[in-house]
Amino acid sequence: MENTYKLVIIVGSVREGRFGPVVASWVAEQARLHGGFDVQVVDLADVDVPLELPAASPKYAGDDYPRPTGMWPLTSALQSADAFIVVTPEYNHSYPASLKAAIDWHFTQWTAKPVAFVSYGGAAGGRHAALHLENVLTELHAVTIRDGLAFPNYFTTWQDGRPLDPASPAYAKTVLDQLAWWAAALRSARNATPYPL
């Protein structure tokens, strides 16, 4: 559909016992209720993402970049996406190595596409992780969305797979509205003129 955008939600943590899939499931539900997105959840725990990278940059290698076969589902999802939501915890005031590796294996798949962040953690709610991700994805020419969702002390503020704060769905709708606006604008721009790298 013309007014529906392919949204890829990335579960950034692969740690044993992680909470990320719970958050991603709720975010995906909100995105489907929004009605503006065709939603796909990609869990990095299900993808082969080595830490060792090839010598060449994916920016210049293009389709010839030598990615592992097990990474194909991730690459395909990123390539076809109009927008992203990255779900990340905060580890030591930043985001997980698994997420950095998944980002670094790609370049053009992020370019001129909007990215929103949903973070969770202790008192800061993962905000340090989201701030660091903004810097990284801006370098890849993605467009980061100002508003995001942060869930402090998620271990006491979620129950039965849902945040206890009744305002959370409204906050999610704001993020999704902004993401849909940018997805429309940037898809139109990409279709009209190749992005200059």
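Anyway, here's the lowdown on the structure attached to this text.

Parameters and conventions
Residue positions are given per chain, counted from 1 along the sequence in the order it is written. The predicted nature of this model means local features are confined to residues of pLDDT at least 70 and side-chain atom pairs, given and counted, to a pLDDT of 80 or more, with totals for whole chains, interfaces and linings taken over all residues. In computing side-chain properties, one takes all heavy atoms of the structure into account and sets aside hydrogens as well as water. Geometry is summarised by axes, namely lines fitted to C-alpha atoms with helices restricted to the contacting stretch, and by angles between N-to-C directions that run from 0 to 180 degrees. A run of H or I in DSSP becomes a helix once it reaches four residues, and a run of E becomes a strand once it reaches two; helices and strands are each numbered from the N terminus. Here a crossing is called left-handed whenever its near helix is offset anticlockwise from the far helix by less than a right angle, and right-handed whenever the offset is clockwise. Pairs of residues are marked as contacts when any of their non-hydrogen atoms sit within 4.5 Å. All residues other than Ala, Val, Leu, Ile, Met, Phe, Trp, Tyr, Cys, Pro, Asp, Glu, Lys and Arg, Gly among them, are scored as polar; the first ten of these are nonpolar and the last four charged. Partly exposed residues are those whose accessible area sits between 20% and 50% of the maximum for their type, while under 20% is buried and over 50% is exposed, using a 1.4 Å probe and protein chains only. Lining residues are defined by having an atom within 4 Å of a point belonging to a cavity or pocket. Those points lie on a 1 Å grid over the protein atoms alone, cavities being sets where a 1.4 Å probe fits but cannot get out and pockets being open sets with protein on both sides within 12 Å along at least five of seven lines. Grid points are joined across faces, edges and corners, and a volume is the space filled by probe spheres set on the points. What makes a salt bridge here is a side-chain nitrogen of Lys or Arg within 4 Å of a carboxyl oxygen of Asp or Glu, nothing more. When DSSP finds two or more bridges between a pair of strands, those strands are recorded as paired.

**Structural notes on the packing of helix 1 (residues 20-34) against helix 7 (residues 168-192)**
Working note: a packed helix pair is described by the angle between its axes plus the distance between those axes.
(1) Moving on: With their axes 10 Å apart at the nearest point, helix 1 and helix 7 run at an angle of 65° to one another. As helix 1 packs across helix 7, the resulting crossing turns out to be right-handed. Residues Trp26, Gln30, Ala31 and His34 of helix 1 form the contact with helix 7, whose participating residues are Ser168, Pro169, Ala172, Lys173, Leu176, Asp177 and Ala180.
(2) Moving on: In the contact of helix 1 with helix 7, the residues fall into 6 nonpolar, 3 polar and 2 charged.

**Some remarks on unusual backbone geometry**
(1) Moving on: One non-glycine residue, asparagine 92, adopts positive backbone phi at about 50°.
(2) Moving on: Tracing the backbone shows asparagine 92 in the loop between strand 3 (83-89) and helix 4 (97-104).
(3) Moving on: For asparagine 92, a relative accessible area of 79% translates into the label exposed.
(4) Moving on: In this structure, asparagine 153 is a non-glycine residue whose phi angle is positive, near 45°.
(5) Moving on: Tracing the backbone shows asparagine 153 in the loop between strand 6 (149-152) and helix 6 (154-157).

**Brief notes about the layout of surface pockets**
(1) Moving on: In this structure, the largest pocket encloses a volume near 220 Å³.
(2) Moving on: Together, Phe117, Ser119, Arg127, Ala130, Leu131, Glu134, Ile145, Arg146, Asp147, Gly148, Leu149 and Ala150 line the largest pocket.
(3) Moving on: With 4 residues, helix 5 (residues 127-139) is the single largest residue contributor to the lining of the largest pocket.
(4) Moving on: Across the lining of the largest pocket, the residue classes break down as 6 nonpolar, 2 polar and 4 charged.
(5) Moving on: By volume, the second largest pocket is sized at about 170 Å³.
(6) Moving on: As for the second largest pocket, its lining consists of Gly148, Leu149, Ala150, Phe151, Pro152, Thr157, Trp158, Pro163, Leu164, Asp165, Ser168 and Tyr171.
(7) Moving on: Those elements giving two or more residues to the lining of the second largest pocket turn out to be strand 6 and helix 7.
(8) Moving on: Per element, the largest residue contribution to the lining of the second largest pocket is 4 residues, and it comes from strand 6.
(9) Moving on: Grouping the constituent residues of the lining of the second largest pocket by class yields 8 nonpolar, 3 polar and 1 charged.

**Thoughts on the pattern of salt bridges**
(1) Moving on: Tallied over the full model, the rule gives 7 salt bridges.
(2) Moving on: Ionic pairing is found between aspartate 82 and arginine 187, a salt bridge with its closest N-O pair at 3.2 Å. Of this pair, aspartate 82 sits in the loop between helix 3 (72-80) and strand 3 while arginine 187 is found in helix 7, placing the two residues 105 residues apart along the sequence.
(3) Moving on: In this structure, lysine 100 engages aspartate 104 in a salt bridge whose closest nitrogen and oxygen atoms are separated by 2.7 Å. Of this pair, lysine 100 and aspartate 104 both sit in helix 4, 4 residues apart, which is roughly one turn of that helix.

**Here's the deal with the pairing of strand 3**
(1) Moving on: Among the 7 residues of strand 3, 7 are classified as buried, and the element is accordingly described as predominantly covered.
(2) Moving on: Alternating residues of strand 3 divide into Ala83, Ile85, Val87 and Pro89 and Phe84, Val86 and Thr88, and every residue in both groups is buried.
(3) Moving on: Bridge count between strand 1 (residues 5-11) and strand 3: 5 bridges; the pairing is parallel. Looking at strand 3, one finds that valine 11 is bridged to valine 87.

**Section: empty space enclosed by the protein**
(1) Moving on: This structure, assessed with the given rule, holds 2 cavities of 30 Å³ or more.
(2) Moving on: Space inside the largest cavity adds up to approximately 40 Å³.
(3) Moving on: In terms of lining residues, the largest cavity is bounded by Trp26, Val27, Gln30, Ile85, Leu149, Ala172, Val175 and Leu176.
(4) Moving on: Of all the secondary-structure elements, those providing two or more residues to the lining of the largest cavity are helix 1 and helix 7.
(5) Moving on: Residue composition of the lining of the largest cavity, grouped by class: 7 nonpolar, 1 polar and no charged.
(6) Moving on: Quantified by volume, the second largest cavity comes out at close to 30 Å³.

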